[in-house]
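# Residue-level structural notes
One-letter residues, chain by chain:
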Amino acid sequence: MLSSSGLPSLRFLLHFSSELCKIGMKIFGKHIFPRQVVLFASGLLFLASTTYDVHRSIKNNETPPSEEQIKALEDYIRSVRRS
């Protein structure tokens, strides 16, 4: 079922994916569907990215603010109080 370009045809891929969704697979003796695998992988990716983001935020906040940052914050507070 290859097309002229040597790649599988769209019709074959659609048929194969629909059959795979019907069949599923067995992992640890339990019947698992591909959607469950995708959902689990998405959850792991979300958890990993959130954990990394929190780690970066903590790491970046460990360094004290520079004198320029403190001066800029003080200038901003003064300008807000004037308004």
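The structure presented is a predicted model; accordingly, all values stated were derived computationally and were not measured.

So, on to the overall build of the protein. Of the regular secondary structure elements, the protein holds 3 helices and 2 strands. Tracing the protein from N to C terminus, the helices and strands come up as α-β-β-α-α. Within the protein, the fraction of its 83 residues that count as buried is 4%. When the accessible area of the protein is evaluated, it comes to approximately 8000 Å², of which 66% is carbon and sulfur surface.

Our next topic: the pattern of salt bridges. Under the definition given, this model contains 3 salt bridges. Linking Lys 71 and Asp 75 is a salt bridge whose minimum nitrogen-to-oxygen distance equals 3.3 Å. Residue Lys 71 and its partner Asp 75 are both found in helix H3 (residues 67–82); the two are separated by 4 residues, about one turn of the helix. The residue Glu 74 makes a salt bridge to Arg 78 at a minimum N-O spacing of 3.9 Å. Residue Glu 74 and its partner Arg 78 are both found in helix H3; the two are separated by 4 residues, about one turn of the helix. For Glu 74, a relative accessible area of 40% translates into the label partly exposed. Among the charged side chains, a network of salt bridges with common partners joins Lys 71, Glu 74, Asp 75 and Arg 78.

Residues with a pLDDT of 70 or more make up 71% of the protein, whose mean pLDDT is 80. Within the protein, the element-level pLDDT minimum falls on helix H1 (residues 10–23), averaging 62, and the maximum on H3, averaging 93.

Moving on to a nonpolar patch on the surface. Taken together, Met 25, Ile 27, Phe 28 and Val 37 make up a surface patch of nonpolar side chains, about 400 Å² in accessible area. By the element assignment, Met 25 lies in strand E1 (residues 25–27). On the basis of relative accessible area, Met 25 is assigned to the partly exposed category, the value being 34%.

Conventions adopted
Residues numbered from 1 in each chain as written. Predicted model: local features only at pLDDT ≥ 70, side-chain atom pairs only at ≥ 80, totals over all residues. Heavy atoms only, no water. Helix = DSSP H or I, 4+ residues; strand = E, 2+ residues; numbered from the N terminus. Buried < 20%, exposed > 50% of the residue type's maximum accessible area, 1.4 Å probe, protein only. Areas by Shrake-Rupley, 256 points an atom, 1.4 Å probe, with all protein chains shown as cover. Salt bridge = Lys/Arg side-chain N within 4 Å of Asp/Glu carboxyl O. pLDDT = per-residue confidence, 0-100. Patch = residues over 30% accessible without salt bridge, like charges linked within 9 Å, V, L, I, M, F, W, Y side chains within 5 Å.

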